[in-house]
Amino acid sequence: MNTYSTLFILLGLFLAGGVYSFWQQKQSRSLIAILAIGSVMALAAGLLQL
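Since we're looking at a predicted model, the values are computed, not measured.

Trainee: Can you walk me through the environment of leucine 43 in this structure?
Mentor: The residue leucine 43 is located in helix H2 (residues 29–48) in this model. In the structure, leucine 43 is positioned 28 residues away from leucine 15 in sequence and 9.6 Å away in space, judged by C-alpha atoms. Residues within four places of leucine 43 in sequence aside, it is in contact with Phe8, Ile9, Gly12 and Leu13.

Here you go:
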């Protein structure tokens, strides 16, 4: 497992936690959408590097 893939997967999971937290706090949907897109992109980058 590559170091960069691990970092990207951890970043994606961190951002996914932020999405969940912001959803619970009833934040704006545009902010949640931007975080969700970033999370998916980070997870995809990490998984593709495996």
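Trainee: Help me out: how do you make sense of the packing of helix H1 (residues 3–24) against H2 in this one?
Mentor: Helix packing for two helices is described by the angle between their axes and how far apart those axes are. Where H1 meets H2, the closest approach of the two axes is 7 Å, and the angle between their N-to-C directions is 160°. Taken as axis vectors, H1 and H2 run roughly antiparallel relative to one another. Our pair here, H1 against H2, has a crossing hand that is left-handed. In this structure, H1 contributes Ser5, Phe8, Ile9, Leu11, Gly12, Leu13, Leu15, Ala16, Gly18, Val19, Phe22 and Trp23 to the contact, and H2 contributes Arg29, Leu31, Ile32, Leu35, Ala36, Gly38, Ser39, Ala42, Leu43, Ala45, Gly46 and Leu47. For the contact of H1 with H2, the per-class residue count stands at 17 nonpolar, 6 polar and 1 charged.

Trainee: Help me out: how do you make sense of H1 in this one?
Mentor: Because each turn of an α-helix spans 3.6 residues, side chains separated by three or four positions end up pointing in the same direction. Between its first and last C-alpha atoms H1 spans 32 Å; for 22 residues at 1.5 Å apiece the expected length is 32 Å, and the two agree. Among the residues trailing H1, lysine 26 stands out with phi positive, at a value near 60°.

Trainee: It is not clear to me how unusual backbone geometry should be interpreted in this structure. Could you clarify?
Mentor: Most of the time, phi is negative for any residue but glycine, and the peptide bond is trans. Residue lysine 26 is not a glycine yet carries a positive backbone phi of 60°. By relative accessible area, lysine 26 is classed as exposed at 71%.

Trainee: Would you take a moment to explain the side chain of serine 5 for this structure?
Mentor: By secondary structure assignment, the location of serine 5 is in helix H1. Side-chain polar atoms of serine 5 contact the backbone oxygen of asparagine 2, separated by 2.8 Å. Excluding residues within four positions of it along the chain, serine 5 makes contact with Gly46, Gln49 and Leu50.

Trainee: Sorry, what's going on with the environment of leucine 31 here?
Mentor: As for its position among the elements, leucine 31 is in helix H2. Once the C-alpha coordinates of leucine 31 and valine 19 are considered, the two residues, 12 residues apart in sequence, prove to be 8.7 Å apart.

Calculation rules
- Residues numbered from 1 in each chain as written.
- Predicted model: local features only at pLDDT ≥ 70, side-chain atom pairs only at ≥ 80, totals over all residues.
- Heavy atoms only, no water.
- Helix = DSSP H or I, 4+ residues; strand = E, 2+ residues; numbered from the N terminus.
- Contact = heavy atoms within 4.5 Å.
- Axes fitted to C-alpha atoms, helices over the stretch in contact; angles between N-to-C directions.
- Parallel < 35°, antiparallel > 145°, perpendicular 65-115°, else oblique.
- Left-handed = near helix turned anticlockwise from the far one by under 90°.
- Nonpolar A, V, L, I, M, F, W, Y, C, P; charged D, E, K, R; others polar.
- Expected span 1.5 Å × (residues − 1).
- Buried < 20%, exposed > 50% of the residue type's maximum accessible area, 1.4 Å probe, protein only.
- Polar contact = N/O pair within 3.5 Å; in protein donor to acceptor, adjacent residues only side chain to side chain.

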